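So the chains spell out like this:
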Amino acid sequence: MSKRIVLVTGAARGLGAVVARRFHEAGYKVALADIAVEAAQAAARDLSSDGSSAFALKLDVTSKADFESARDTVLERWGAIDVLVNNAGASKVIPVMEITAEQFDQVIDVNLRSVLFGCQVFGQHFAARGVGRIVNIASLAGQNGGSATGAHYAAAKGGAITLTKVFARDLAAQGVTVNAISPGPLDLPIVHESVPADKLEKVIAGIPVGRLGSAAYIADVAIMLAAPDAYFANGACWDINGGLFMR
Ligand SMILES: NC(=O)c1ccc[n+]([C@@H]2O[C@H](COP(=O)([O-])OP(=O)(O)OC[C@H]3O[C@@H](n4cnc5c(N)ncnc54)[C@H](O)[C@@H]3O)[C@@H](O)[C@H]2O)c1
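Residues numbered from 1 in each chain as written. Predicted model: local features only at pLDDT ≥ 70, side-chain atom pairs only at ≥ 80, totals over all residues. Heavy atoms only, no water.

1. Considering the pairing of strand β3 (residues 54-58)
Alright, step 1. Where burial is concerned, most of β3 is hidden: four out of the five residues are buried.
Alright, step 2. One crossover worth recording links strand β2 (residues 29-34) to the parallel β3 by way of helix α2 (residues 37-47), and it is right-handed. (Buried < 20%, exposed > 50% of the residue type's maximum accessible area, 1.4 Å probe, protein only. Helix = DSSP H or I, 4+ residues; strand = E, 2+ residues; numbered from the N terminus. Right-handed = clockwise from strand over helix to strand, strands pointing away.)

Dropping the structure here:
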């Protein structure tokens, strides 16, 4: 059987790099897409030194044309694509009363426009094939309004969860499923870089399980949702937050 193929956005570092690695370990061919293409190339080389089962491509998730050319590049290289993981995201913590129009638009673009365009371009392709899987990385912030991440980010992630439902409904009859995963704070570089150590201790103390989340586990849930037999998991938001938010 030929290998399944996944494209992961924001795969140069952080969660995206872990998702790319775990899919690769699970036997997938992996396209690592990122605006930081050199770092993505290094991550791809770590997985596959000859590029036969992993390669990097430049993709700015705020651009629909970039999603279209990424799709075409993967199809030219490997002839198929089975899974999209919309992972790229970014935020800057700014008090809600001080967020400017430009800051709002920029964070909405990276975290929400990205989901719209990814689901449009890949959803249409998967629907034409009659099968496909999309996993959108949302956030706990999109469910509870967030604490340390910024109002624009929380609003965008809430929108990503809503778009997940819209696309899931729209594409279901054509064999395509769309799900979101909403992680709480993960044990990843960005968390250690952006939260001062004393504050991070308090954050961890406030998590019912008393630990930051595992990026590898988030990746494994994405792999589970991407499986061919995962057809009945659709339009859901998978909460993985250590018990910070229960519903
Ligand atoms: N780290 C956490 O605790 C946490 C918790 C909940 C959700 N998330 C979500 O997980 C995803 C990954 O987060 P992370 O912690 O790995 O962040 P990160 O900042 O470490 O990595 C983000 C990656 O996305 C890339 N990127 C940024 N803007 C881009 C653009 N316009 N086009 C393409 N790529 C772009 C960056 O170059 C980087 O490689 C994000 O969607 C984030 O919101 C993270």
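2. Description of the state of the cysteines
Alright, step 1. Within the structure shown, the criterion is met by zero disulfides.
Alright, step 2. Not part of a disulfide, C237 finds its nearest cysteine sulfur in C119, a span of 14 Å.
Alright, step 3. C237 gets classed as buried once you look at its relative accessible area, which sits at 15%. (Disulfide = S-S within 2.5 Å.)

3. Points about the UniProt feature "domain: Ketoreductase" (unreviewed entry) in the chain
Alright, step 1. UniProt records the feature "domain: Ketoreductase" (unreviewed entry) for residues 4-184 in the present numbering.
Alright, step 2. Taken end to end, residues 4-184 is 51% helix and 19% strand, and its first and last C-alpha atoms sit 29 Å apart. (UniProt positions renumbered as here; feature names shortened; annotations may be inferred.)

4. Side note on the site of the ligand
Alright, step 1. Residues in close proximity to the ligand total 27 residues, the closest being R13, L15, D34, N87 and Y153.
Alright, step 2. R13 is positioned such that a nitrogen or oxygen atom in its side chain is 2.7 Å from an oxygen atom of the ligand.
Alright, step 3. Within the backbone of N87, an N or O atom sits 2.7 Å from an oxygen atom of the ligand.
Alright, step 4. Starting from 830 Å² of accessible surface for the ligand in isolation, the protein chains cover 88%.
Alright, step 5. Taken together, the elements giving at least two residues each to the shell around the ligand come down to α1 (14-25), α6 (151-171) and α7 (189-194).
Alright, step 6. Residues that form the shell around the ligand fall into these classes: 17 nonpolar, six polar and four charged. (Near = heavy atom within 4 Å. Polar contact = N/O pair within 3.5 Å; in protein donor to acceptor, adjacent residues only side chain to side chain. Areas by Shrake-Rupley, 256 points an atom, 1.4 Å probe, with all protein chains shown as cover. Nonpolar A, V, L, I, M, F, W, Y, C, P; charged D, E, K, R; others polar.)

5. Section: the pairing of strand β5 (residues 132-137)
Alright, step 1. β5 sits mainly inside the fold: six of its six residues count as buried.
Alright, step 2. Bridge count between strand β4 (residues 83-86) and β5: four bridges; the pairing is parallel. Each bridged residue has a counterpart across the sheet, and for N86 the counterpart in β5 is N136.
Alright, step 3. With helix α4 (residues 101-129) bridging β4 and its parallel neighbour β5, the resulting β-α-β unit is right-handed.
Alright, step 4. In this sheet, strand β6 (residues 176-183) lies alongside β5 in parallel orientation, the contact comprising six bridges. Bridging from a neighbouring strand, I134 pairs with V178 of β6. (Pairing = 2+ DSSP bridges.)

6. A look at empty space enclosed by the protein
Alright, step 1. Counted by the stated rule, this structure contains one cavity of 30 Å³ or more.
Alright, step 2. The space that makes up the largest cavity amounts to roughly 50 Å³.
Alright, step 3. Around the largest cavity, the lining residues are T9, V61, N86, N87, A88, N111, S114, V115, I137, K157 and A160.
Alright, step 4. Contributing elements (two or more residues each) for the lining of the largest cavity: α4 and α6.
Alright, step 5. For the lining of the largest cavity, the leading source of residues is α4, giving three residues.
Alright, step 6. Counted by class, the lining of the largest cavity contains five nonpolar, five polar and one charged residues. (1 Å grid on protein atoms, 1.4 Å probe; cavity = no way out; pocket = protein on both sides within 12 Å on 5 of 7 lines; lining within 4 Å. Points joined across faces, edges and corners; volume = space filled by probe spheres on them.)

7. Re the pattern of salt bridges
Alright, step 1. Taken as a whole and judged by the stated rule, the model has eight salt bridges.
Alright, step 2. A salt bridge links E25 to R21; its shortest N-O distance comes to 3.6 Å. You can see E25 and its partner R21 sitting in helix α1, four residues apart, about one turn around the helix.
Alright, step 3. E25 sits in the exposed class, given a relative accessible area of 54%.
Alright, step 4. Between R129 and D82 there is a salt bridge, with its nearest N and O atoms 3.2 Å apart. (Salt bridge = Lys/Arg side-chain N within 4 Å of Asp/Glu carboxyl O.)

8. Some details on the sheet that holds β4
Alright, step 1. One open sheet accounts for seven strands, arranged β3-β2-β1-β4-β5-β6-β7; its pairing is parallel. Of all the strands in the sheet, the pair left with one neighbour each is β3 and β7 (237-240). Across the sheet, the axes of successive neighbouring strands diverge by a mean angle of 20 degrees, strand direction being ignored.
Alright, step 2. Each of β4, β5, β6 and β7 touches helix α9 (residues 215-226); the most contacted strand, β6, lies at about 165 degrees to it. (Axes fitted to C-alpha atoms, helices over the stretch in contact; angles between N-to-C directions. Contact = heavy atoms within 4.5 Å.)

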